[in-house]
Amino acid sequence: MKRTIEEHAARFDEVAGEYDDSQNDTDEYRACVSLVVEHADPESDDVVADLGTGTGAIALSLADDAGRVVGRDISEGMMEQAREKAAAQGIGNVEFGEGRFREPNVDEADVVVSNFAMHHLSDQEKREAIEAIADLDPRRFVLGDVMFFGTPDPDEPFYSPEVDDPSTVGHLADALTDAGFALTAVERVHDQVGVLVAEQVR
Ligand SMILES: C[S@@+](CC[C@H](N)C(=O)[O-])C[C@H]1O[C@@H](n2cnc3c(N)ncnc32)[C@H](O)[C@@H]1O
């Protein structure tokens, strides 16, 4: 991580109020949200965990189809926005609370999702995060994020090199398979953005 957890949390607390407007500006972000929601495809009694939930874009979109959704993040400011949106939309089966990728603070999950958040971790930290997700024994993990399908164009980074630390698709695929997942779909949204779908090998 290029910043501490506390620094990342403070950074997102500061922009929480404007986050939804700024992110929704990009086609790639919107495409990623749609693909993560589509591939998560929970059953009506499933518990879904959304890690790095932010203002709850994914958690709130999945609430109707799932039994219960838990959103976890390090930024109280981002989660406060998520709670306000849940209340405004009358969504009662979603709960937001503190949790980190490597210590998710989740008791159980049938489906784990994460969108545009894991790229804050280093390669090794992502590997540890994926192991922590596998320990929850979900049948599916859907990861939408900044990730490199080839060599990223240095003049057009889809991320902020001073704070973000995206991995190659190859590294993520290795970490997922080493943790006991089988990669069942790879969606390339952009040469620096994609969605990976991983199923637990039982
Ligand atoms: C770019 S936002 C994405 C939010 C949301 N998933 C979305 O799709 O809009 C990244 C989020 O990851 C959270 N985050 C960063 N590092 C984290 C960590 N180690 N554990 C949990 N959340 C983290 C930030 O606080 C922020 O809310």
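Residues numbered from 1 in each chain as written. Predicted model: local features only at pLDDT ≥ 70, side-chain atom pairs only at ≥ 80, totals over all residues. Heavy atoms only, no water.

Asks: Sorry, what's going on with the packing of helix α1 (residues 5-23) against helix α4 (residues 76-88) here?
Replies: Helices that pack against each other are described as a pair by the angle of their axes relative to one another and the distance between those axes. Put simply, α1 and α4 touch, their axes get as near as 7 Å, and they point 30° apart. Here Phe12, Asp13, Ala16, Gly17, Tyr19 and Asp20 of α1 lie close against α4, whose contacting residues are Glu76, Gly77, Met78, Gln81 and Lys85. (Axes fitted to C-alpha atoms, helices over the stretch in contact; angles between N-to-C directions. Helix = DSSP H or I, 4+ residues; strand = E, 2+ residues; numbered from the N terminus. Contact = heavy atoms within 4.5 Å.)

Asks: Sorry if this is basic, but what is going on with the packing of aromatic side chains here?
Replies: Here a ring pair, both rings aromatic, is described through the centre-centre distance and the interplanar angle of the planes. This model, assessed by the stated rule, comprises 3 aromatic pairs. For the pair Phe141 and Phe181, a centre-to-centre distance of 6.2 Å together with 45° between the ring planes defines the contact as tilted. Separated by 40 residues along the polypeptide, Phe141 in strand β5 (residues 140-148) and Phe181 in strand β7 (residues 181-190) bring together distant segments of the chain. Under the relative-accessibility criterion, Phe141 is labelled buried at 0%. Judged by its relative accessible area of 2%, Phe181 is buried. (Phe/Tyr/Trp six-rings, centres within 6.5 Å; stacked < 30°, edge-to-face > 60°. Buried < 20%, exposed > 50% of the residue type's maximum accessible area, 1.4 Å probe, protein only.)

Asks: Is there a simple way to think about the site of the ligand in this case?
Replies: For the ligand, the set of nearby residues contains 19 residues, the closest of which are Tyr19, Tyr29, Gly52, Asp73 and Asn115. In this structure, an oxygen atom belonging to the ligand sits 2.7 Å away from a side-chain N or O atom of Tyr19. Within the backbone of Asn115, an N or O atom sits 2.8 Å from a nitrogen atom of the ligand. Across the complex, the protein chains shield 98% of the 600 Å² of accessible surface that the ligand would expose by itself. In terms of residue count, the dominant contributor to the shell around the ligand is α1 (3 residues). Tallied by class, residues from the shell around the ligand come to 10 nonpolar, 7 polar and 2 charged. (Near = heavy atom within 4 Å. Polar contact = N/O pair within 3.5 Å; in protein donor to acceptor, adjacent residues only side chain to side chain. Areas by Shrake-Rupley, 256 points an atom, 1.4 Å probe, with all protein chains shown as cover. Nonpolar A, V, L, I, M, F, W, Y, C, P; charged D, E, K, R; others polar.)

Asks: I keep staring at the pattern of salt bridges and nothing clicks. Help me out?
Replies: Between side chains of opposite charge, a pair can form when the charged atoms approach closely. Enumeration according to the criterion identifies 12 salt bridges in this entry. Residue Arg139 pairs with Asp46 through a salt bridge whose shortest N-O separation is 2.5 Å. Pair noted here: Arg139 is in the loop between α5 (123-135) and β5 and Asp46 is in the loop between α2 (27-40) and β1 (47-51), with a separation of 93 residues, a long-range link. According to the relative accessible area criterion, Arg139 is partly exposed, its value standing at 25%. Note on Asp46: relative accessible area 5%, which makes it buried. The partner of Arg68 in a salt bridge is Glu108, and the shortest N-O contact between them spans 3.3 Å. Here Glu108 lies in the loop between β3 (94-98) and β4 (111-115) and Arg68 lies in strand β2 (residues 68-73), a separation of 40 residues in the sequence. You can call Glu108 partly exposed: its relative accessible area is 42%. When salt bridges with common partners are traced through the structure, they connect Glu76, Glu80 and Arg83 into a single cluster. (Salt bridge = Lys/Arg side-chain N within 4 Å of Asp/Glu carboxyl O.)

Scope: geometric values only; no functional claims are made or implied.
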